[in-house]
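Understanding the architecture of this molecule
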Amino acid sequence: MDVGRFGRGRLVAILAAVAGVGLVIALATGVFSSKSGSEVGAQGPGTTTTAPLPSSGTGSQGAGATGRNVPTPFGPDDWGTYGGSYTQTRQSPLTLVAKDNVNRLGRVFSVDFRRLDRRVPLGEQSFPIVINSAIYVTTGSNFVFAIDGRTGKELWEFVPSGTAIFKNYGVNPNRGLAYCDGKLFMATLDMRLISINPRDGKQIKSVDISAAVPGARPEYGYSETQAPICYKNLVLIGAAGSDYGVRGFVEAYHTDLTPAWSTPYWTVPPWGTQWRSLIAIAGGGTVWNPVTIDPLTDIAYFSVAAPSPQYIPALRPGPDPRTNSLVAVDVFTGKQRWWQQQLGADSWSYGTSQPPLVYEATVLGKKRKIVSVGTKEGVWFAYDAATGQVIHRSVNLLNHNEHPRLSPGKAVVVYPGSIGGLNYSPSSFDPATNFVINSQAETASVLTQDDPSKVAKNAVLGDVRLGLQGSEFGYTPPGWHDFGSITALDVNSGTIAWKTVVPEPGRGGVTTTANGLSFVGGGDGNLRALDTKSGSVLWQFQTGFQIASGPSIYRLGGKQYIAITTGGTPTSSYGGTAARLDVFALGGDQTQSLPPVLTAAPLPEAGVIVQPTEYFGLGKDSRTVTFQAVTDASGKPLLNGWSGGKKVLLTIPHDWTVDVTLANHDATSTQGLVVVPVSGGRPGSSGTPAFSGAATTRPVPPGGVAYFSFRTGKEGSYALASTAPGRAAAGQWVAIKVVGADRPPTITIGSETYTVDVTQGRPS
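Residues numbered from 1 in each chain as written. Predicted model: local features only at pLDDT ≥ 70, side-chain atom pairs only at ≥ 80, totals over all residues. Heavy atoms only, no water.

**Brief notes about the nonpolar core**
Phe710, Leu720 and Ile736 are the most contacted members of the largest nonpolar core, which totals 29 residues. Residues contacting Leu720, with those up to four places away along its chain left out, are Phe627, Ala629, Leu639, Val660, Leu673, Val674, Val675, Phe708, Gln732, Trp733, Val734 and Ile736. Membership of the second largest hydrophobic core comes to 28 residues, among which are Tyr231, Tyr265, Trp288 and Ile293. (Core = buried A, V, L, I, M, F, W, Y, C linked by side-chain atoms within 4.5 Å. Buried < 20%, exposed > 50% of the residue type's maximum accessible area, 1.4 Å probe, protein only. Contact = heavy atoms within 4.5 Å.)

**Looking at the layout of surface pockets**
In this structure, the second largest pocket encloses a volume near 450 Å³. Around the second largest pocket sit 22 residues that line it, and Ile419, Thr476, Asp482, Thr571 and Ser572 are the ones nearest its centre. Here the lining of the second largest pocket is built from residues that sort into eight nonpolar, eleven polar and three charged. (1 Å grid on protein atoms, 1.4 Å probe; cavity = no way out; pocket = protein on both sides within 12 Å on 5 of 7 lines; lining within 4 Å. Points joined across faces, edges and corners; volume = space filled by probe spheres on them. Nonpolar A, V, L, I, M, F, W, Y, C, P; charged D, E, K, R; others polar.)

**Section: the pairing of strand 37 (residues 559–566)**
Counted residue by residue, strand 37 has seven buried out of eight residues, so it is predominantly covered. Strand direction decides the pairing type here: strand 36 (residues 552–556) and strand 37, joined by five bridges, are antiparallel. Each residue of the ladder has a partner; that of Ser552, found in strand 37, is Ala563. Remark: two residues form the turn of the hairpin made by strand 36 and strand 37, two consecutive strands paired antiparallel; Gly557 in that turn has positive phi of roughly 55 degrees. Pairing analysis gives six bridges linking strand 37 to strand 38 (residues 580–586), with the strands arranged antiparallel. (Helix = DSSP H or I, 4+ residues; strand = E, 2+ residues; numbered from the N terminus. Pairing = 2+ DSSP bridges.)

**Describing the confidence of the model for the chain**
Segments scoring low in pLDDT should not have their predicted coordinates read at a detailed level. Of all residues in the chain, 85% attain a pLDDT of 70 or more, and the chain-wide mean is 85. Taken together, the stretch residues 55–71 has pLDDT below 50 and engages in 49 contacts with residues farther than four places along the chain or on a different chain. pLDDT under 50 marks residues 601–613. Its contacts with residues more than four places away, or in other chains, come to 30 contacts. (pLDDT = per-residue confidence, 0-100.)

**Brief notes about the pattern of salt bridges**
In this structure the tally under the stated criterion is 18 salt bridges. The partner of Lys232 in a salt bridge is Asp298, with the nearest N and O atoms 3.2 Å apart. On the criterion of sequence distance, the pair formed by Lys232 in the loop between strand 12 (229–231) and strand 13 (234–237) and Asp298 in the loop between strand 17 (292–294) and strand 18 (299–304) is long-range, its members being 66 residues apart. Residue classification places Asp298 among the buried residues on the basis of a relative accessible area of 17%. For Asp330, the salt bridge identified is with Arg337, shortest N-O distance 3.7 Å. Judged by relative accessible area, which is 15%, Asp330 ranks as buried. Judged by relative accessible area, which is 39%, Arg337 ranks as partly exposed. Sharing partners across several salt bridges, the network here consists of Asp112, Arg115 and Arg580. (Salt bridge = Lys/Arg side-chain N within 4 Å of Asp/Glu carboxyl O.)

**Notes on the side chain of Thr81**
Relative to the elements of secondary structure, Thr81 occurs in the loop between strand 1 (38–42) and strand 2 (91–92). Those residues in contact with Thr81 that lie beyond four places of it in its chain are Phe74, Tyr86, Ile129 and Ile229.

**A few points about the sheet that holds strand 45 (residues 705–711)**
Pairing within the open sheet is mixed, and its four strands lie in the order 39-40-42-45. Single-partner strands in this sheet number two, and they are strand 39 (616–618) and strand 45. Direction aside, neighbouring strands of the sheet carry axes that sit 20 degrees apart on average. As paired strands, strand 42 (residues 657–663) and strand 45 are joined by seven bridges and run antiparallel to one another. Along strand 45, the bridge assignment pairs Val660 with Phe708. (Axes fitted to C-alpha atoms, helices over the stretch in contact; angles between N-to-C directions.)

**So, the sheet that holds strand 31 (residues 495–502)**
Backbone-to-backbone hydrogen bonds pair the strands of a sheet. The strands run either parallel or antiparallel. An order of 27-28-30-31 is seen for the four strands of this open sheet, with the pairing classed as antiparallel. Only two strands of the sheet have a single partner each, and these edge strands are strand 27 (428–430) and strand 31. Within the sheet, the average angular offset between the axes of one strand and its neighbour, ignoring direction, is 25 degrees. Across three bridges, strand 27 lies against strand 28 (residues 435–442) in antiparallel orientation. For Ser428, the partnering residue across the bridge sits in strand 28 and is Ile437.

Right, here's the structure in full:
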């Protein structure tokens with residue numbers, strides 16, 4: 001389901017325009033193959049400055065990126081496009097922030113866009129670009145700001161016309177801008193493409209997309225939420241609107257905003273033909289996330305969303321070719337090279353939405369040029385970039401992936417829900433490890449398919465009739481709480497190298513650095529830095545608001561910065577709470593904010609999360625907790641920073657499962673863990689696990705990670721202790737107390753005890 005879809009509040013306007021549908025259909029043509037405020041820059045209050053002029057020189061794509069030596073309109077210290085490079089690999093070559101100093105990161109400034117302009121709506125999904133010291137960032141309803149990347153000072157604000165009506169669009173995000181040829185480019189909710197002067201925020205030109213793409217108008221269900229991509233003076237865009245049965249497309253413009261292709265690339269056949277012949281709202285297949293380009297071949301790759309009506313495949317019979325697909329076209333002509341479908345005859349709205357990645361990687365020991373993508377089903381695919389040949393297929397990234405076929409009137413629980421898996425959340429490729437890092441949404445939903453005959457009888461073009469009873473998304477199963485996970489996929493083998501579970505669904509995506517750090521924001525408000533090789537969390541910072549965007553990394557004056565927007569989306573983690581930009585650097589303020597309130601109650605300010613997020617929390621299944629054990633990087637005999645079981649105590653109910661992750665940060669020692677009884681206030685010396693499976697099965701080298709799981713079979717006092725010689729005796733252990741099954745799980749850190757809120761657990 002397009003997160004950028006409109007709300008039902010537009011229905012009256014849509015119905016009023018239905019009379020023009022026949023003309024739209026007559027004009028619409030395309031291809032089908034089975035092969036492969038005002039519109040001038042509004043200065044902010046008291047602002048008279050302008051942004052620095054972006055460089056027109058050349059720059060690196062970033063270490064390890066496919067097109068690293070291809071000329072770009074931005075420099076090596078910039079983050080000049082949505083994914084950092086045209087290949088969307090989201091890896092920065094900057095290495096001033098490293099594993100040994102990342103704990104010194106702090107916030108250097110924050111920008112509250114609603115304080116700058118009270119018309120800015122709540123919620124934030126924008127991916128900032130940074131060019132020659134200026135940060136260019138959008139908000140919901142297409143407000144644009146230029147911010148000084150060193151100080152956080154507002155340079156200018158641009159407000160397009162029509163923002164008043166955007167309030168009626170329901171979900172109204174914008175995910176960013178493109179830059180090239182000395183201009184910024186933005187696509188607006190009401191289907192316009194606008195160019196803006198980056199120096200002063202003045203509009204240069206605005207065109208209606210429908211002039212080049214017949215029928216691509218908001219009254220028929222189209223909208224724009226994506227960041228355009230500008231490559232070799234071509235601006236490429238698709239649009240949102242699959243939910244409304246529109247006809248998906250990609251179009252290219254010259255930077256003077258004249259069409260560059262002779263016809264749009266249409267993802268689905270014309271209305272009334274082939275599988276679109278049974279119902280007015282059969283269609284979809286929109287391209288609502290940024291296009292990816294290989295600069296060495298001039299091939300553009302893009303993801304194609306689900307068909308509509310999304311939950312009733314009988315009304316769009318067959319596999320609905322090129323929906324839920326990855327497509328490759330020539331960037332200068334739009335001519336199709338190949339396409340591959342990830343899921344045909346989709347019943348669950350599991351479209352392919354994530355921006356693809358293009359990169360060279362080792363596969364079964366040999367270097368290959370690859371394009372890969374994850375889907376809303378929560379699975380991952382890799383293809384040969386030139387031919388579309390399948391390399392890896394349907395690699396599952398989720399803890400729970402189960403989705404029975406729907407039938408009318410029957411409630412079915414599916415994992416993930418339609419806003420789960422990999423939505424617009426972009427991934428990153430790290431050439432040093434050969435890993436693709438993803439941030440997933442682990443969701444569930446109860447879906448009840450509507451009567452197909454009723455949907456067919458009442459549907460009109462532009463209506464939202466997805467085919468469910470009662471709700472457009474379904475509803476959350478009782479006792480379930482959506483959560484998230486971060487995974488590293490080893491491209492060589494097509495298997496998961498490591499996985500880290502986080503409290504809230506992954507929405508914003510991952511950015512890696514060339515020296516082994518992965519930065520990712522969470523719905524719980526935390527920006528985290530992980531060790532790309534092991535998945536260990538090395539640093540986290542509570543921003544105070546849900547995060548539904550990815551970090552951008554840049555350098556100014558010899559200093560490296562990490563910029564991310566915060567505020568989240570109302571479709572996940574009860575976001576839509578702010579519209580802010582937070583920027584971090586070494587030596588910044590380490591004072592963290594209170595976490596956001598993860599509740600449906602309308603609360604105006606940030607509050608406190610009941611469930612502790614550090615080290616300990618609920619697992620994916622009922623009566624399961626997770627614990628992340630971390631050995632100390634200093635080489636001292638510490639576990640999670642404490643010694644002798646005196647500062648960390650896990651209280652676990654009887655007959656619960658404990659999933660343990662050991663991340664060995666100790667560069668001086670190979671490590672292992674075992675659960676043993678406590679005798680005389682110290683771990684027993686037998687080394688025999690107290691419970692079946694309660695020990696690592698192999699030695700864990702420095703920088704390594706291991707997992708094990710056990711069930712608490714008997715009440716009593718135990719220790720999770722190091723198996724390295726002499727370490728447990730020196731204090732490298734934490735205490736575990738198994739208590740009655742009627743008690744909740746808790747963690748005590750120092751003098752503070754936190755009780756896990758089991759009402760936010762997983763289904764029984």
